[in-house]
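For reference, the chains in residue letters:
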2 protein chains.
Amino acid sequence: MRLVSFASPAGRRPAAVVGTPGDERLLDLADAIGVDDVESLLADDQALAAARSSVAAADVSRLPRLAEATLLAPVVPGKIVCLGYNYRGHVPDGVDPRASDPEFPDVFVKTPNTLGGPSDAVAVPHAAEDVDYEGEIAIVIGRRAKEVPVESALDHVAGYTILNDVSDRAWQRRQSQWALGKCFDGFAPLGPWVVTADEIADPHDLLVEVERDGVVTVSQSTATTIFSVPFIVSYLSQTMTLQPGDVISTGTPQKLPHALAAHRPLAPGDSVTVRVGGIGELTTRFVAPTQGVPA
Amino acid sequence: MRLVSFASPAGRRPAAVVGTPGDERLLDLADAIGVDDVESLLADDQALAAARSSVAAADVSRLPRLAEATLLAPVVPGKIVCLGYNYRGHVPDGVDPRASDPEFPDVFVKTPNTLGGPSDAVAVPHAAEDVDYEGEIAIVIGRRAKEVPVESALDHVAGYTILNDVSDRAWQRRQSQWALGKCFDGFAPLGPWVVTADEIADPHDLLVEVERDGVVTVSQSTATTIFSVPFIVSYLSQTMTLQPGDVISTGTPQKLPHALAAHRPLAPGDSVTVRVGGIGELTTRFVAPTQGVPA
């Protein structure tokens, strides 16, 4: 299933995307099976089974069109945890690709004010100096995970979505810790949906691509990641209890050489699309700063 | 006022501490003025005025005793943001104490699973290798702050409390980012109360002390901090919108030389008290690990 959250006059509601490519519709899961939100659905195997039955039985032609809905971030995560470096770069023939792998993931946190939905633009902040994108596949937690072994870690993964780890490089590098460069308002566009884990045959065999203003700037398979999804979930769960709806973004591949050479900060008017095979694509527009609210 | 949250059969409730030293009582502010929690109270000047009136008019002898209540973290912050280095060490005579000050604060984030209350023990995790304490004064945000100037930043500070930035040094140093060493469950004991800003004449003239197992290991005034409270609030608000109840922990002073020399990791059975002049003290016990919850 592809699960979304959409805006309604009554607030955020969960839905499944049904129908055919080009004519996708929304099955409201609050109406259909009485769940409150996607986070609680993801933690509940019985509710997921009921949702699948409702999807199978839906009279699609009577449902509202996806294209007319305002999508929100598919989940509201209690935590957004990110890996800083998880892809191998180009490795010359004859060199062990694992030779310079780090022993442990480098992990940081994005605060809740960073969360954005697939319909939201990112306001380039007044204080921004060098805004950049990072297109990433993100793990969405289903069942609570505390100190889980690698062998059963996938039991706690409900699905996958896309996160653009928007970062101001200048603020990120002002000090040793990257937090301020990562935590501007709206710097974590997420979505457009959670694809449930049963639909992803192998999360380590997906192509991650980024397109900026019509040019492909990143194109690399998750086969080149250093840390696997089960390892990441198990490792993090040794420290923090992972809760339903928590998001773990798995790091960005390097930019292609022409994109590295042509880097310029994102500015109002720019647009970035992150595309992940088997999941979909997330397009984010960048717009002028919003004003601070006076005291 | 000193504002607390306490556990009741109906859930978390806000209260003011009233009475005299040794006979302190709780005035339930949900009953008295109809506020839901300390976070919303802190953002509302009218409610704060009503709370002060209720405190002044309270029939103290009829109120329940503070000592019999179970205190929770005084606020549930949407964000816990921390400074990594904010105190000057010992400076020899004739040396400019500001000579080696960093230009910008080094900032990191503690995730929501770290929050603990003054009655909570910290379970030393199974994976822990080198658990340490950091006793800090923490700013509590009142009115929402987005891109506020230094000159009016204090208008957004509702009060102050104490945070013990519990950290596993081994995990903190595994990679460049400290997050995993900082984000174990329960690693942010907070409290016991928020002292409203009107009662703190100068937050840059408070003694911060830590006592471990009866020995004073830290004793330094906030006069030796590098970044002031208004600067910190203004600076952070250029990146992230600060919301009512958000907590900014202002960094730890260095340990005293004898404590540095005698460092050993915190273990079950240990106890740490953080004491801040004008605020109070927060004592945290360290206990054996809890078991992971099976899938």
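Residues numbered from 1 in each chain as written. Chains lettered and ligands numbered in written order. Predicted model: local features only at pLDDT ≥ 70, side-chain atom pairs only at ≥ 80, totals over all residues. Heavy atoms only, no water.

So, the pattern of salt bridges
Residue and element names in this part refer to chain A. Overall, the coordinates contain 49 salt bridges over all chains when judged by the stated rule. Taking the shortest distance from any N to any O, the salt bridge between Arg-25 and Asp-23 comes out at 2.9 Å. Ionic pairing is found between Asp-132 and Arg-169, a salt bridge with its closest N-O pair at 3.1 Å. One end of the pair, Asp-132, is in strand β9 (residues 131–132); the other, Arg-169, is in helix α4 (residues 169–172), and 37 residues separate them in sequence. Through salt bridges with shared partners, a single network forms among Lys-110, Asp-132, Glu-134, Asp-165, Arg-169, Lys-182 and Lys-255. (Salt bridge = Lys/Arg side-chain N within 4 Å of Asp/Glu carboxyl O. Helix = DSSP H or I, 4+ residues; strand = E, 2+ residues; numbered from the N terminus.)

Overview of the sheet that holds strand β14 (residues 207–212) of chain B
Pairing between the strands of a sheet is mediated by backbone hydrogen bonds and can be parallel or antiparallel. All names here are of chain B. Taking strand neighbours across the sheet as the criterion, the five strands line up as β8-β18-β17-β14-β15 in an open arrangement whose pairing is mixed. One side of each edge strand has no neighbouring strand; the edge strands of this open sheet are β8 (122–123) and β15 (215–221). Across five bridges, the pairing between β14 and strand β17 (residues 271–276) is antiparallel. Bridging across to β17, Glu-211 finds its partner in Thr-273. (Pairing = 2+ DSSP bridges.)

Some words on the packing of aromatic side chains
The final tally for this structure, using the stated rule, is 14 aromatic pairs over all chains. Taking the centre distance of 5.4 Å and the plane angle of 70° together, the rings of A:Phe108 and A:Trp178 count as edge-to-face. With A:Phe108 in strand β6 (residues 107–110) and A:Trp178 in the loop between α4 and α5 (179–182), this pair connects stretches of sequence that are 70 residues apart. With a relative accessible area of 17%, A:Trp178 lands in the buried category. Here the aromatic rings of A:Phe231 and A:Tyr235 are separated by 5.4 Å at their centres, their planes lie at 20°, and the arrangement is stacked. With A:Phe231 and A:Tyr235 both in helix α6 (residues 229–237), this residue pair falls four residues apart, about one helical turn. Since its relative accessible area comes to 8%, A:Tyr235 is described here as buried. Through a chain of ring-to-ring contacts, the aromatic side chains of A:Phe104, A:Phe227, A:Phe231, A:Tyr235, B:Trp171, B:Phe184 and B:Phe187 assemble into a single cluster. Over the face of the ring belonging to A:Trp193 we find A:Arg2, whose NZ or CZ atom lies 4.7 Å from the ring centre. (Phe/Tyr/Trp six-rings, centres within 6.5 Å; stacked < 30°, edge-to-face > 60°. Buried < 20%, exposed > 50% of the residue type's maximum accessible area, 1.4 Å probe, protein only. Lys NZ or Arg CZ within 6 Å of the ring centre and 35° of its normal.)

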